[in-house]
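# An overview of the molecular structure
Spelled out from the first residue to the last, the chains are:
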Number of protein chains: 2
Amino acid sequence: MPVRTPNKRPLTLRDVSEASGVSEMTVSRVLRNKGDVSEATRKRVQDAAKQLGYVPNKIAGALASQRVNLVAVIIPSLGNMVFPEVLSGVSEVLANTDLQPVVGVTDYLPEKEEKVLFEMLSWRPSGVIIAGLEHSDASRAMLRQAGCPVVEIMDVDGEPVDACVGISHRRAGRKMAESILQNGYRRIGFLGTKMPLDHRARKRFEGFTQTLAKSGIEITDQEFYSGGSALAKGRELTQKMLERTPDLDFLYYSNDMIGAGGLLYLLEKGYDVPGQIGIAGFNGVELLDGLPRKLASMDACRREIGQRAAQILADRVANPDTDEGLVVELTPKLQPGETLNRT
Amino acid sequence: MPVRTPNKRPLTLRDVSEASGVSEMTVSRVLRNKGDVSEATRKRVQDAAKQLGYVPNKIAGALASQRVNLVAVIIPSLGNMVFPEVLSGVSEVLANTDLQPVVGVTDYLPEKEEKVLFEMLSWRPSGVIIAGLEHSDASRAMLRQAGCPVVEIMDVDGEPVDACVGISHRRAGRKMAESILQNGYRRIGFLGTKMPLDHRARKRFEGFTQTLAKSGIEITDQEFYSGGSALAKGRELTQKMLERTPDLDFLYYSNDMIGAGGLLYLLEKGYDVPGQIGIAGFNGVELLDGLPRKLASMDACRREIGQRAAQILADRVANPDTDEGLVVELTPKLQPGETLNRT
DNA sequence: TTGAAAGCGCTAACAT
DNA sequence: ATGTTAGCGCTTTCAA
């Protein structure tokens, strides 16, 4: 049990050294399981450390050893279901190493990304995992100079600074468009976030409209919103669009949450889904299994992206000679659910 | 623009000093906006730093100054909507200071909490915000010895180590029970997480059953699950319970997500909600506004908890003489929604 | 198996 | 307004 003296000064190695009558150096060795130490002294040191409630000072350790077991993970948001799942993939893999993820949130703002990145790099992390391929010039410069492996995640449509794990959102948009057309839908509405800042949503949209165009079809109507995704937003957008354009036969939502809101609205208003009108979202959010109809969606491989990125980083840290610039493209799976098959 | 030489060695103050022809000390002053520096040298230094792409080494800075602008925020999970909202309250307030939140996740496991806490304290943060009042002996010892302000959040039913911001979950449970009884419901089922690890859910349950007991009523049926909250889980639990105990007239869910799943199930099966059967959840998750009926719930003041905790910490860091042990109890608001009023 | 010395890159406290 | 000196608490390296 740690001593309860309200010590304002945190304990140092020296305190443990004095308490155990062993040199600081040997104490350090014991605490890091490094080097040969006799069982006897090891035990004395461990007892003393525990008894005092010693917590090593990683700042000093990191400065001396020039190594920091931190991995910077930089993502746009924690408020939707997508990035927490990526994170959990990252943590899962890093748990098998001595690396620790540290999360920074950018709110989809390039300036904030720059700030967060600068802040995190100033702690000299062992690696960086960062969402997206679009960054300010300054951010890209920092990433290049970081002196540690960098893995850009979520997206592969672009030029990575170093390594990269993700899906092609353009391809995802195309695939969804194909599927919708195959099922005979023709008057298609798109509902999603304002996209200047969400590049992945933008790319899906581009892929989507491109494929439609190949079949001579244009988006019949579209509606953009800003702010978080929520059921109510989906209802509201859907109502607005259908009042304006009642003869749509498909609604493509840029994420599952507003898709779910739309679904609830449509069912409530007595629409036949997917007969009269089909719908689909994006992300394959498991949380929403359990809706009255299973929402068509596309799994964005979020957890796997986190896992692979972490693995790449861990490998590179363990073996710095590994090649840079590895790009891993995962394949999003279409989940037809029950809202896309017109049969 | 930073030079693109693939420098493996990160730049140091000295590099900037040499590039600008100014002493390291003055460079340091410029980069921290500290002390008087002439406009001329300030500019030269800034130019040199930007030109080189210098990123200061916070490890060295922290060691030298004995100050770290990090706040450890330790929470059980990112997967439900509750903690991200707390975090966003924290970030919002800390954004006005030079403090930076660093998040650690415990998965509701005391051993993991201990590990995460140890890890974070070893970086000597300026403060700790940690969810809950229940910690292992070792964790409490670390918190006491941390040498920085500690704010325990979410809950006030217990003995804080230092400061504390939250709601009384026992009181919340009681309040919900009162409301349910007032609305004439009598045969009540409880559905929630297995609670040995979720102390707040446990306390709500305790408060809930206590108040029922005062009216001579016992929970008619109960069902516990483990794993994340999701719509499907709510459906499944609800079905199971109603098959076993068909004559329930109220279902109290330990969180909004499974409550929402239950609601969808009940409506689908043609139950009259809230006439035949009332339901309520917990948390007041905004994300779910937009369900077919507005779910009765109780706002847990998540964002405000984050804000207040961060504010307390910021004040204590700015003025270390401030009193310790401040306890702030917020009042959860009942949101009757449309699933609790029998009329 | 253990210890002593040097220094990691910065900043506090003094000079000047 | 600028420079000098002495550490911060550890780990690396070398010696015993």
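Residues numbered from 1 in each chain as written. Chains lettered and ligands numbered in written order. Predicted model: local features only at pLDDT ≥ 70, side-chain atom pairs only at ≥ 80, totals over all residues. Heavy atoms only, no water.

What follows covers the overall build of chain A. Helix and strand counts for chain A stand at 12 helices and 12 strands. Its C-alpha atoms give chain A a radius of gyration of 26 Å, clearly above 20 Å, the size a compact globule of 343 residues would have. By its C-alpha atoms, chain A is 85 × 40 × 30 Å across when sized along the principal axes. Every one of the 343 residues in chain A was classed for burial, and the buried ones make up 54%. (Helix = DSSP H or I, 4+ residues; strand = E, 2+ residues; numbered from the N terminus. Rg over C-alpha atoms; globule rule 2.2 N^0.38 Å. Buried < 20%, exposed > 50% of the residue type's maximum accessible area, 1.4 Å probe, protein only.)

Here the focus is helix H6 (residues 110-121) of chain A. With 12 residues, H6(A) should cover 16 Å at 1.5 Å per step; its first-to-last C-alpha distance of 16 Å lies within 8% of that length. Residues of H6(A) that are buried include every one of Glu113(A), Val116(A), Leu117(A), Glu119(A), Met120(A) and Leu121(A), and no others. (Expected span 1.5 Å × (residues − 1).)

The subject of this paragraph is the sheet that holds strand E6 (residues 188-193) of chain A. All names here are of chain A. If you walk across this open sheet you meet the 4 strands as E7-E6-E8-E9, and the pairing is parallel. In this open sheet, the two edge strands, each paired with only one partner strand, are strand E7 (221-225) and strand E9 (278-280). Strand after strand, the sheet turns through a mean of 15° between neighbouring axes, direction not considered. In the packing of helix H8 (residues 169-182) onto the sheet, the strands contacted are E6, strand E8 (250-253) and E9, and the crossing angle to E8 comes to about 165°. Relative to E6, helix H9 (residues 199-214) is tilted by about 170°, and along the sheet it contacts E6, E7 and E8. (Pairing = 2+ DSSP bridges. Axes fitted to C-alpha atoms, helices over the stretch in contact; angles between N-to-C directions. Contact = heavy atoms within 4.5 Å.)

Here the focus is helix H10 (residues 231-244) of chain B. All names here are of chain B. The terminal C-alpha atoms of H10, which comprises 14 residues, lie 20 Å apart, in line with the 20 Å expected from a rise of 1.5 Å per residue. For H10, every residue scored as buried is listed here: Leu231, Gly234, Arg235, Leu237, Thr238, Met241 and Leu242. Check the buried side of H10 and you find it contacts strand E6 (188-193), strand E7 (221-225), strand E8 (250-253) and helix H11 (256-268).

With that out of the way, let us pick up unusual backbone geometry. With an omega of 10°, the peptide bond between Val273(A) and Pro274(A) qualifies as cis. Here Pro274(A) is to be found in the loop between helix H11 (256-268) and E9. For Met154(B), which is not glycine, the phi dihedral falls at a positive 90°. In this fold, Met154(B) is placed in strand E4 (residues 150-155). The exposure class assigned to Met154(B) is buried, which follows from its relative accessible area of 5%.

Let's shift gears to the protein's contact with DNA strand C. As a structural note, the neighbourhood of DNA strand C is formed by 24 residues, with Ser23(A), Arg29(A), Leu13(B), Ser28(B) and Tyr54(B) the closest of them. The sugar-phosphate share of atoms of DNA strand C within 4 Å of the protein amounts to 70%. Thr41(A) places a polar side-chain atom, nitrogen or oxygen, 3.2 Å from a phosphate oxygen of DNA strand C. In the environment of DNA strand C, a phosphate oxygen lies 3.1 Å from a nitrogen or oxygen atom belonging to the side chain of Arg32(B). Residue assignment for the surface near DNA strand C shows that the elements contributing at least two residues are helix H2 (24-32) and helix H4 (58-65) of chain A together with helix H2 (24-32) and helix H4 (58-65) of chain B. (Near = heavy atom within 4 Å. Polar contact = N/O pair within 3.5 Å; in protein donor to acceptor, adjacent residues only side chain to side chain.)

Looking at chain A, the domain boundaries give domain 1 (1-54), domain 2 (65-167 + 303-332) and domain 3 (169-299). Between the C-alpha centres of domain 1 of chain A and domain 3 of chain A there is a distance of 60 Å. (Domains from an automatic or database assignment.)

Contacts between the two partners involve 51 residues from chain A and, on the opposite side, 52 residues from chain B. Carbon and sulfur atoms supply 65% of the area buried between chain A and chain B, which totals about 4,900 Å² over both sides. At the surface where chain A touches chain B, the tally comes to 2 salt bridges. With a closest N to O distance of 2.5 Å, Glu119(A) and Lys58(B) form a salt bridge. For the pair chain A and chain B, the number of links is 14 residue pairs in polar contact (both at pLDDT 80 or more). Those elements that place two or more of their residues in the side of chain A that touches chain B are H4, helix H5 (82-94), strand E2 (100-105), H6, helix H7 (137-145), helix H10 (231-244) and H11 of chain A. Across the side of chain A that touches chain B, the residue classes tally to 31 nonpolar, 10 polar and 10 charged. (Buried area = accessible area lost by both parts, 1.4 Å probe. Salt bridge = Lys/Arg side-chain N within 4 Å of Asp/Glu carboxyl O. Nonpolar A, V, L, I, M, F, W, Y, C, P; charged D, E, K, R; others polar.)

Attention shifts here to the packing of aromatic side chains. Going through the model one piece at a time under the given rule, you end up with 15 aromatic pairs over all chains. Ring geometry for Phe190(B) versus Tyr252(B): centroids 5.7 Å apart, planes at 75°, classification edge-to-face. Remark: Tyr252(B) occurs in strand E8 and Phe190(B) occurs in strand E6; sequence separation between them is 62 residues. Like Tyr252(B), Phe190(B) is buried. One aromatic cluster is present, formed by Phe190(A), Phe205(A), Phe208(A), Phe224(A) and Tyr252(A) through successive ring pairs. Over the ring of Phe282(A) we find Arg204(A); its NZ or CZ atom is 3.9 Å from the centre of that ring. (Phe/Tyr/Trp six-rings, centres within 6.5 Å; stacked < 30°, edge-to-face > 60°. Lys NZ or Arg CZ within 6 Å of the ring centre and 35° of its normal.)

Turning our attention to the pairing of E6(A). Residues and elements named next belong to chain A. Counting buried positions along E6 gives 6 out of 6 residues, so the element sits mostly inside the fold. Note: E6 against E7, 5 bridges, orientation parallel. Among the inter-strand pairings, Phe190 is bridged to a residue of E7, identified as Gln222. Traced from E6 through H9 to E7, the parallel crossover comes out right-handed. (Right-handed = clockwise from strand over helix to strand, strands pointing away.)

All names here are of chain A. Look at H2 against helix H3 (residues 39-52): their axes get within 9 Å of each other, and the N-to-C directions meet at 85°. Compared by their axis directions, H2 and H3 come out roughly perpendicular. Note on element contacts: H3 touches H2 through Arg42, Val45, Gln46 and Ala49, opposite Val27, Val30 and Leu31. (Parallel < 35°, antiparallel > 145°, perpendicular 65-115°, else oblique.)

What follows concerns the protein's contact with DNA strand D. As a structural note, the neighbourhood of DNA strand D is formed by 24 residues, with Met25(A), Ser28(A), Tyr54(A), Arg29(B) and Asp36(B) the closest of them. The protein-proximal atoms of DNA strand D, defined as those within 4 Å of the protein, are 65% sugar or phosphate. Contact between DNA strand D and Ser28(A): a phosphate oxygen at 2.4 Å from a side-chain N or O atom of the residue. Note that a base oxygen of DNA strand D is positioned 3.1 Å from one of the backbone N or O atoms of Ala64(B).

This part is about the relation of the copies chain A and chain B. Here chain A sits on chain B after a turn of 180° about the axis and a move of 0.0 Å along it, with an RMSD of 0.1 Å. Here the two chains are linked by the operation of a two-fold rotation axis. Minimal C-alpha distance to the rotation axis in chain A is attained by Ile59(A), lying at 2.8 Å. (Least-squares fit on C-alpha atoms with pLDDT ≥ 70 in both.)

Moving on to the pattern of salt bridges. Summed over all chains, the structure comprises 46 salt bridges over all chains. With its nearest N and O atoms 3.5 Å apart, the salt bridge here joins Arg14(A) to Glu18(A). Residue Arg14(A) and its partner Glu18(A) are located together in helix H1 (residues 13-20), separated by 4 residues, close to a single helical turn. Here Arg14(A) matches Glu18(A) in class, with each residue exposed. Among the ionic pairs, Glu329(B) bridges to Arg171(B), the shortest N-O distance being 3.0 Å. Note that Glu329(B) is positioned in strand E11 (residues 327-329) and Arg171(B) in helix H8 (residues 169-182), a separation of 158 residues in sequence. Taking relative accessible area as the criterion, Glu329(B) reaches 38% and is therefore assigned partly exposed. Classification of Arg171(B) as partly exposed rests on a relative accessible area of 41%.

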